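So you can see what is in the structure, the chains are spelled out below.
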Amino acid sequence: MAEVWSAAWSGNLTREAKIAAISTLSVCGLGLAAYSLFRWKSSPRYDWQEVGKLSRIMIHPVKACRGLEVREAECTALGMKSSDGLFDRHYIIVDGENRFVTMRQKSGLALLRTSQSDDGKYLLLDAPHMPTLRVPLNVPVTNDVIQFRLWGLEVEGYDCGVSVTCWLDRYLESSGNKLVCYTPDLQAKRNIDDPKWGKRMVHDKSVFQDISHFHLCTVASLNDLNSKLENPVTMRPFRPNLVVEGVKEAWIEDDWKYVRIGENVILRKTHLCGRCKQTTVDPETGVVGDEPLKTLKTYRCMEPSHLDYKGLNGAPVFGIKLNLQSRSDTIAVGDTIYASS
């Protein structure tokens, strides 16, 4: 462009050519200005307010199974990753028909604990009256690739092997169960294809999370719920990744659009978290009841005018779902939490 401008004012061009060159420069300048204005208008503008502290970080390596608590983790574009390398919900159990299994069908999954071996080579599975199962973290690429649908979206993963199937079949008292593992060479879910929330996640992908990468709850909202329950519950039935304490008002997280953890990690709210029967499974016993879902339904269902009403399909809300807005970075318990509405 500089060469065109220089030529336009030199004596080497005719008057008509100079006019054409200046017109071209004007159009380019207007286009650049319009693009800059578009980028400015479309870029999020944050109004950060300190709202609390990150009190707990929880990772659930196997979807629907008991999670583990960590002191720090990395927020990535495919979910939470522990300092030991375990990703949140990068494993899932499917049945003999390749349908994913949750506590809604098998409440005993609440007691299936996951951890990592001291040498970092194995995912360990423990359950009542069962021997510890050691699952190699490096799944052979020669293993069968299992293709299935998770809430209507196509996804795939490697079968972790026959020995795992035998262990799961024995514990779940059913046949054909498989532990499926995602690795980067496989197909992740294209969130844009989700009929409920996809338009809010055009460029995002996810693995075996329902759809969003992160799930956040506040202690203030849990306290408000427990004030209405005869038998208070812990945070475990809600299975969040991030727990925030120090928030002054219950349910204020409903209004947050962005969350910043520390200085570098920014998360974008995708939608409110609708609750289902899974919250009624006691995480310590595996026994199914009717709370806290019954009480949540009395006062935490959104009005028809709410932006998320249709997608929630009548489910009561507890917590918010988020995706990564910034680059990947590490967070730690005790980090300051900021919100922008």
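Up top you'll find the structure we're talking about.
Quick caveat, the model's predicted, so the values are computed rather than measured. Residue positions are counted from 1 within each chain, in the order its sequence is given. Only residues with pLDDT of at least 70 are given local features in this predicted model, and only at 80 or more are side-chain atom pairs given and counted; all residues enter the totals for whole chains, interfaces and linings. Note: side-chain values were computed over all heavy atoms of the structure, leaving out hydrogens and water.

Asks: Can you help me understand the overall build of the protein chain in this one?
Replies: Of the regular secondary structure elements, the protein chain holds 6 helices and 20 strands. Only protein chains enter the calculation, and the probe is 1.4 Å; a residue is then buried if its accessible area is under 20% of its type maximum, exposed if over 50%, and partly exposed in between. The buried share among the 341 residues of the protein chain stands at 50%. For the protein chain, restricting intrachain contacts to residue pairs at least 6 apart in sequence, the fraction spanning at least 24 positions comes to 68%. Counting only carbon and sulfur atoms, one obtains 51% of the accessible surface of the protein chain, whose full area is about 17400 Å². To qualify as a helix, a DSSP run of H or I must reach at least 4 residues; to qualify as a strand, a run of E must reach at least 2; elements of each kind are numbered from the N terminus. Any two residues having at least one pair of non-hydrogen atoms within 4.5 Å are treated as being in contact. Each accessible area is a Shrake-Rupley result for a 1.4 Å probe, and residues are judged covered by the shown protein chains and nothing else.

Asks: What's the story with the sheet that holds strand β6 (residues 113-116) in this structure? I'm lost.
Replies: Strand pairs in the sheet, formed through backbone hydrogen bonds, run parallel or antiparallel to each other. Spatially, 3 strands are ordered β6-β7-β8 in an open sheet, and the strand pairing comes out antiparallel. Here the strands that pair on one side only, and so sit at the sheet edges, are β6 and β8 (133-136). For this sheet the average axis-to-axis angle between neighbouring strands, irrespective of direction, equals 25°. Bridge count for strand β7 (residues 122-126) against β8 is 4 bridges, and the pairing is antiparallel. Along β8, the bridge assignment pairs L125 with L133. Orientation is described by lines fitted to C-alpha atoms, with helices fitted over the stretch in contact, and by angles between N-to-C directions that extend from 0 to 180 degrees. Lying on the sheet, helix α3 (residues 162-172) is in contact with β7 and β8; it crosses β8 at an angle near 145°. When DSSP finds at least two bridges between two strands, those strands are taken to pair.

Asks: Would you mind going over unusual backbone geometry with me for this structure?
Replies: Glycine aside, residues mostly have negative phi angles, and peptide bonds mostly take the trans form. Between E291 and P292 the backbone carries a cis peptide bond, its omega angle lying at 10°. By the element assignment, P292 lies in the loop between β17 (265-274) and α5 (293-299).

Asks: So what exactly am I meant to see when it comes to the sheet that holds strand β9 (residues 145-150) here?
Replies: With antiparallel pairing, the 4 strands of this open sheet are ordered in space as β5-β11-β10-β9. The open sheet is flanked by β5 (91-94) and β9, the only strands paired with a single partner. On average, each strand axis in the sheet is tilted by 45° relative to the strand beside it, whichever way the strands run. Two strands pair when backbone bridges link them, and β9 and strand β10 (residues 153-159) are joined in this way by 6 bridges, in the antiparallel orientation.

Asks: Please explain the environment of A188 as it appears in this structure.
Replies: You can see A188 is positioned in the loop between β11 (178-181) and β12 (189-190). Taking the relative accessible area as the measure of exposure, A188 reaches 10% and is therefore buried. In this structure, the C-alpha to C-alpha distance between A188 and K205, residues 17 residues apart in sequence, is 6.2 Å. Once residues lying within four places of it in the same chain are set aside, the contact partners of A188 are E154, Y182, K205 and S206.

Asks: Explanation requested: empty space enclosed by the protein in the structure shown.
Replies: Site definitions follow a grid-based scheme: protein atoms alone, a 1 Å grid, a 1.4 Å probe that fits but cannot get out for cavities, and for pockets an open set with protein on both sides within 12 Å along at least five of seven lines, plus lining residues having an atom within 4 Å of a point. Grid points are joined across faces, edges and corners, and a volume is the space filled by probe spheres set on the points. Overall, the coordinates contain 2 cavities of 30 Å³ or more when judged by the stated rule. A volume near 100 Å³ is recorded for the largest cavity. What lines the largest cavity is M58, H60, R66, G67, M103, A110, R236, P237, R239, Q278, V281 and P283. Here the residues of the lining of the largest cavity are counted per class, giving 6 nonpolar, 3 polar and 3 charged. For the second largest cavity, the calculated volume is near 30 Å³. Lining the second largest cavity are C301, M302, Y309, L312, G314 and A315. Three categories are distinguished: nonpolar for Ala, Val, Leu, Ile, Met, Phe, Trp, Tyr, Cys and Pro, charged for Asp, Glu, Lys and Arg, and polar for the others, with Gly belonging to the last.

Asks: Where do I start with the packing of aromatic side chains in this structure?
Replies: What describes a pair of aromatic rings is the distance from one ring centre to the other and the angle between the planes of the rings. Two rings from Phe, Tyr or Trp (for Trp, the six-membered ring) form a pair when their centres are within 6.5 Å of each other. A pair whose planes differ by under 30 degrees is stacked, one over 60 is edge-to-face, and the rest are tilted. As enumerated under the stated definition, the model contains 8 aromatic pairs in all. Residues F100 and W151 carry aromatic rings whose centres are separated by 5.2 Å and whose planes lie at 65° to one another, so their mutual orientation is edge-to-face. Of this pair, F100 sits in the loop between β5 and β6 while W151 sits in the loop between β9 and β10, and the two are 51 residues apart along the sequence. Ring geometry for W251 versus Y299: centroids 6.0 Å apart, planes at 80°, classification edge-to-face. One end of the pair, W251, is in the loop between β15 (242-245) and β16 (258-261); the other, Y299, is in helix α5, and 48 residues separate them in sequence.

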